[in-house]
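# Structural overview
Here is what each chain is made of, one letter per residue.
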Amino acid sequence: MTAAVIEARGLVKRYGAFVAVDDISFDIREGECFGVLGPNGAGKTTIIRMITATSPLTSGQLSVAGIDVTRAPREVKSILGVVPQEDNLDPDLPVRKNLEVYARYFGLSKAAVRQRIDEALELFQLDDRSGSNVDDLSGGMKRRLTIARALVSDPKILILDEPTTGLDPQARHLVWQQLRLLRARGVTMLLTTHYMEEATHLCDRLVIMHRGKILTEGRPHDLIAEVAGPQVLELRLPAAERDALLAEFPQSDGISVEQVEDLTYIYGGGDASLRAAEQVGDPHRAHVRPGNMEDVFLLLTGRGILD
Amino acid sequence: MTVAQLSPDVSSGAYRVWQRNRDATLRNWPTEFLGIAVEPFAIILALGLALGRFVELESGEEYVQFLAPGLLALFPMFAATFECAWGSYVRLEMQGTYQSIIATPISVDDVITGEILWGTTRALVNGTYILIVALILNPWLHMIESPWAVLVVPVGVLPGLLFSSIAISFAAIARAMSHFAYFFTLVINPMFWFGGAFFPFDELPRWVQIIGFFVPLKHVVDIYRGLINGELEWSMLGSLAWLAVVTVGFYAVAIALMRRRLIQ
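Residues numbered from 1 in each chain as written. Chains lettered and ligands numbered in written order. Predicted model: local features only at pLDDT ≥ 70, side-chain atom pairs only at ≥ 80, totals over all residues.

### Quick word on the overall build of chain A
Applied cut-off: Going along the chain from the N terminus, every DSSP run of H or I of four or more residues is numbered as a helix, and every run of E of two or more is numbered as a strand. Here the C-beta atoms are placed from the backbone, and a residue counts as buried if at least 20 other C-beta atoms lie within 10 Å of its own, exposed if 12 or fewer do, and partly exposed otherwise. The contact criterion used here is simple: two residues whose C-beta atoms, placed from the backbone, lie within 7 Å are in contact.
Within chain A, the secondary structure is distributed over eleven helices and 14 strands. Looking at chain A residue by residue over its 307 residues, the buried ones come to 43%. Relative to all contacts within chain A whose residues are 6 or more apart in sequence, the contacts with residues 24 or more apart total 70%.

Below you can see the structure in the form of structure tokens.
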């Protein structure tokens, strides 16, 4: 097992009476992509702000590469590459100059980072825009430039706070592809997202957060298999018809039912699920599909009608 | 709060922030410097010469001569103030520039120090330019009477730091662009008119003089007037000390307020 590059023990962040992060512990290992998955307000960004030393810990311990974040924030920040949730590229500087000036914040000269900037611009398909104004770039290009910017200091850990929020599907897939490429190169990554699909796609391991707490931790596919099971029956039926159908299911602890708006999900139904779908005979109103991360989240946050 | 938390955590990062502002400004230099270039001529013409024809001073000097130290103090004050009020607020709130910088090894204190140093640089560039304009026009207008006037440039560092610190302190508590109306209406504009630049303070009632003691610009104008006229007085050292103390105070305020705003 490889050593942990980020170690968090009992992290707590309080704003007055509000507890944003509630006693959280986790380890991020060298070379892995670690995901923090959760809805808005779960505490994801607060964790990132704690790691980047811009939000003091109320209590707990947090170290990056063995360095205590509270004691030596400059040292910690010098080995991080941060991609914030909101683009904060420098609109007063053109594309390439953005990267040069950012490298200078790390004490790196223009000559020292020339090659790295060339590579980053090429990797993120921005090499033909190096003289452009930042404000003239599309949303996807700005995101890619923000990620490229985080790489100019050759960071030990890349921190990505919702890297694809607000992007259209094409732009999102392009960013995913580039992040997978970085992961393959062995870059350690911490990624927050509220897109379940993104977490499944990119993360080796993840935690699911809800209201400041970690609900579970594991590998995406293990979590799906354990929590949601191999198949899910999805129903879109009037209440009476639905209840009649559910009554035919065997009474078993392994079956759980979740209701989200007009959709009903049945987990762990096995053959009974297949039979029910066949019985309704209309895939728009009843169908069986593989479980996914969204199901895991739904089951763990427990919005079920059976509760 | 410990001593370590109270003393500013400043490194070479402050210089990198200064470099960032220099690079951004030089990129737009025609727009940045057009105003600076034209303004002193306008005010020398309008106030110094046109209005000055109707003004008779007890000292016997021409009004444009009386106005010279005021010009050298006012324009740099505005240069520093605009940079560290609106400029800093835009970088803080609209562009997220500060947030992007403090995610690197640079501290909040570095950012604020770099911003104040840049505001001071702009004040110095501005003051030096006006001094040069005054020297070029000197054969006709006789605004500069003593070689001591050259000290206006190094002495100008102090008001540069002070007005930058005051302005960025306000930027740190402003919640909207419109809030700067308070700052300019209640602080900067009264200082502009009543800072001793446009009329002699000496003959005004005693209570006005007491208020004048608390106006930073008044001390700057007094020092510059002595340097330009070559009439050096001990009170100028007192004014320098007053400015130094208030500068340190506002620097501390700026850092404390900006830490509170950025580190939560």
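Here the narrative resumes, following the displayed structure.
### With respect to the overall build of chain B
The following threshold applies: The quantity called the radius of gyration is restricted to C-alpha atoms. Its globule counterpart is 2.2 Å times the number of residues to the power 0.38.
Across its full length, chain B holds 13 helices and zero strands. Its helices and strands taken in sequence order, chain B reads α-α-α-α-α-α-α-α-α-α-α-α-α from the N to the C terminus. The C-alpha radius of gyration computed for chain B amounts to 19 Å, which stays within 12% of the reference 18 Å derived for 264 residues, consistent with globular compactness. Judged by the C-alpha coordinates and their principal axes, chain B covers about 60 × 40 × 35 Å. Expressed as a percentage of the 264 residues in chain B, the buried residues total 44%. The long-range fraction of contacts in chain B, counting pairs at least 24 apart against all pairs at least 6 apart in sequence, stands at 80%.

### Re helix H2 (residues 13-27) of chain B
The condition is simple: Here, expected helix span is obtained from the residue count minus one, scaled by 1.5 Å.
Across its 15 residues, H2(B) extends 21 Å between first and last C-alpha, which sits within 8% of the 21 Å expected from 1.5 Å per residue. The set of residues buried in H2(B) consists of Gly13(B), Ala14(B), Arg16(B), Val17(B), Trp18(B), Arg20(B), Asn21(B) and Ala24(B). Next to the buried residues of H2(B) lie helix H3 (95-105) of chain A together with helix H5 (97-102) and helix H6 (108-136) of chain B.

### Quick look at the sheet that holds strand E12 (residues 256-260) of chain A
Residues and elements named next belong to chain A. The test is simple: Strand pairing is assigned whenever DSSP detects at least two bridges linking the two strands. Note on method: axes are straight lines fitted to C-alpha atoms, helices fitted across the in-contact stretch only, with angles between N-to-C directions ranging 0 to 180 degrees.
Read across the sheet, four strands follow the order E12-E13-E11-E14 without closing on themselves; strand pairing throughout is antiparallel. Two strands close off the open sheet at either side, each with one partner strand: E12 and strand E14 (286-290). Each neighbouring strand pair of the sheet contributes to a mean axis angle of 25°, computed without reference to strand direction. Across four bridges, the pairing between strand E11 (residues 231-235) and strand E13 (residues 263-267) is antiparallel. In the strand pairing of E13, Leu235 is matched with Thr264.

### Focus on unusual backbone geometry
Residue and element names in this part refer to chain A. The backbone of Asp23 shows a phi angle near 60°, a positive value even though the residue is not glycine. With respect to the secondary-structure elements, Asp23 resides in strand E2 (residues 18-29). The phi dihedral of Glu162 falls on the positive side, at around 45°, and the residue is not glycine. Position of Glu162 among the secondary structure elements: in the loop between strand E7 (157-161) and helix H6 (169-184).

### So, the interface of chain A and chain B
Going by this rule: Each residue receives one of three labels: charged for Asp, Glu, Lys and Arg, nonpolar for Ala, Val, Leu, Ile, Met, Phe, Trp, Tyr, Cys and Pro, and polar for the others, Gly being one of them.
Chain A puts 20 residues into the contact, and the matching count from chain B is 22 residues. When residues of the side of chain A that touches chain B are traced back to their parent elements, those giving at least two are helix H2 (73-78) and H3 of chain A. It is H3(A) that contributes the most residues to the side of chain A that touches chain B, four residues altogether. Looking at the side of chain A that touches chain B residue by residue, the classes come out as eight nonpolar, five polar and seven charged.

### Comments concerning helix H3 (residues 29-50) of chain B
All names here are of chain B. Spelled out, the test is: Bend, at a single residue, is the angle you get between axes fitted to the 7 residues ending at that residue and the 7 residues starting at it.
In a regular helix each residue adds 1.5 Å, so 22 residues correspond to 32 Å; H3 covers 31 Å between its end C-alpha atoms and thus fits that length. For H3, the principal kink sits at Ile44 and spans about 25°. All of the buried residues in H3 are Pro40, Ile44 and Gly48. In this structure, the buried side of H3 is in contact with helix H4 (63-94) and H6.

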